[in-house]
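# Observations on the model geometry
The residues making up each chain are set out below.
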Amino acid sequence: AMMQINVLRELRQPIGTVTVVDFEEPSARVDGTHLLDLCGSVSMLRTNAGLLVTLTAEAHERSCCSRCLKDIDVPIEIAFEEEYVPVIDANTGAPIRLVETDAFRIAADFKLDLHEAVREYILMSEPAKPLCRAECPGLCPNCGADLNQGSCGCATEVDARWHALTKFKTADKEGR
């Protein structure tokens, strides 16, 4: 699976060595997010501490328009660069004391687990209010009709709460 890569070989390379892994997954689940057609690449640069991992990927997420509630495919782009530090030395098998607390760890089985970083960066790239199109008029607040299908007939009605204001006339004329 793309989310876990065995990096024992990469950790045994000299500092400065770069390994690139391309991946393609028709469907991947990251917590609550279901990604479709996920594809991209992971580049791993051997550093003195571990691996500097650069991931670039794109996918689609099934979602619904926040205005008209239609099902839509939202494009998701994930890109990050994070350092991953092993807990065990790949050459000696000795435990490595943690120096950098904010780095991601490479577990004792030498599996690089991208799941957590991908999850964090998906949350950043997801639109807060996905729309089927920028000018989606949404649903009529009165009858609930989808205004993308055309006017529902009650769209021109004034909200009853504003009715009293229609009696007022303004003294000043605009633009004079």
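Just above, that's the structure.
All residue numbers refer to positions counted from 1 along the written sequence of the respective chain. Two thresholds apply to this predicted model, a pLDDT of at least 70 for residue-level local features and 80 or more for giving and counting side-chain atom pairs, whereas whole-chain, interface and lining totals are computed over all residues. Side-chain calculation: all heavy atoms of the structure are included, whereas hydrogens and water are not.

Next up on the list: the sheet that holds strand β2 (residues 18-30). Hydrogen bonds along the backbone pair up the strands of a sheet, which may run parallel or antiparallel. Strands are treated as partners if at least two bridges between them are detected by DSSP. Secondary structure counts use DSSP, requiring at least four H or I residues in a row for a helix and at least two E residues in a row for a strand, with both numbered from the N terminus. Here five strands make up an open sheet; going across it, the order is β2-β3-β4-β5-β6 and the pairing mixed. Edge positions in the sheet fall to β2 and β6 (104-106), since each of these pairs with one other strand and no more. Shown here is a sheet whose adjacent strand axes are inclined to one another by a mean of 30 degrees, direction ignored. Pairing analysis gives 14 bridges linking strand β4 (residues 51-64) to strand β5 (residues 71-86), with the strands arranged antiparallel. Bridge pairing in β5 places Glu61 opposite Val74. The contact criterion used is simple: two residues touch if any of their non-hydrogen atoms lie within 4.5 Å. Working convention: axes come from line fits to C-alpha atoms, limited for helices to the stretch in contact. Angles between N-to-C directions cover 0 to 180 degrees. Here helix α2 (residues 115-125) sits on the sheet in contact with β2, β3 (33-46), β4, β5 and β6, set at roughly 135 degrees to β5.

Take α2 next. Residues of α2 that are buried: Ala117, Val118, Tyr121 and Ile122. Each buried residue of α2 lies within a common arc of 135 degrees when the element is viewed along its axis, so the set occupies one face. On its buried side, α2 packs onto β2, β3, β4, β5 and β6. Residue exposure (1.4 Å probe, protein chains only): buried if accessible area is under 20% of the type maximum, exposed if over 50%, otherwise partly exposed. Directions are taken from the helix axis to each C-beta atom, and the arc is the one they span.

Counting residues in hydrophobic clusters, the biggest one holds 30 residues, and the most contacted among them are Ile78 and Leu114. Of all the secondary-structure elements, those providing two or more residues to this core are β2, β3, β4, β5, β6 and α2. Tallying contributions element by element places β4 first for this core, with five residues. Leave out the neighbours within four places in its chain, and Ile78 touches Leu35, Leu38, Leu55, Thr56, Ala57, Val118, Tyr121 and Ile122. Residues Cys65, Cys68, Ile72 and Cys136 belong to the second largest nonpolar core, which totals five residues. Nonpolar cores were defined as sets of buried Ala, Val, Leu, Ile, Met, Phe, Trp, Tyr and Cys residues, with membership established by side-chain atoms within 4.5 Å.

A word on the environment of His115. Tracing the backbone shows His115 in helix α2. In this structure the C-alpha to C-alpha distance between His115 and Asp31, which are 84 residues apart in sequence, comes to 9.1 Å. Among residues more than four places away in sequence, those in contact with His115 are Met3, Arg29, Val30 and Asp31.

Note that all results are geometric; they support no functional claim without further evidence.
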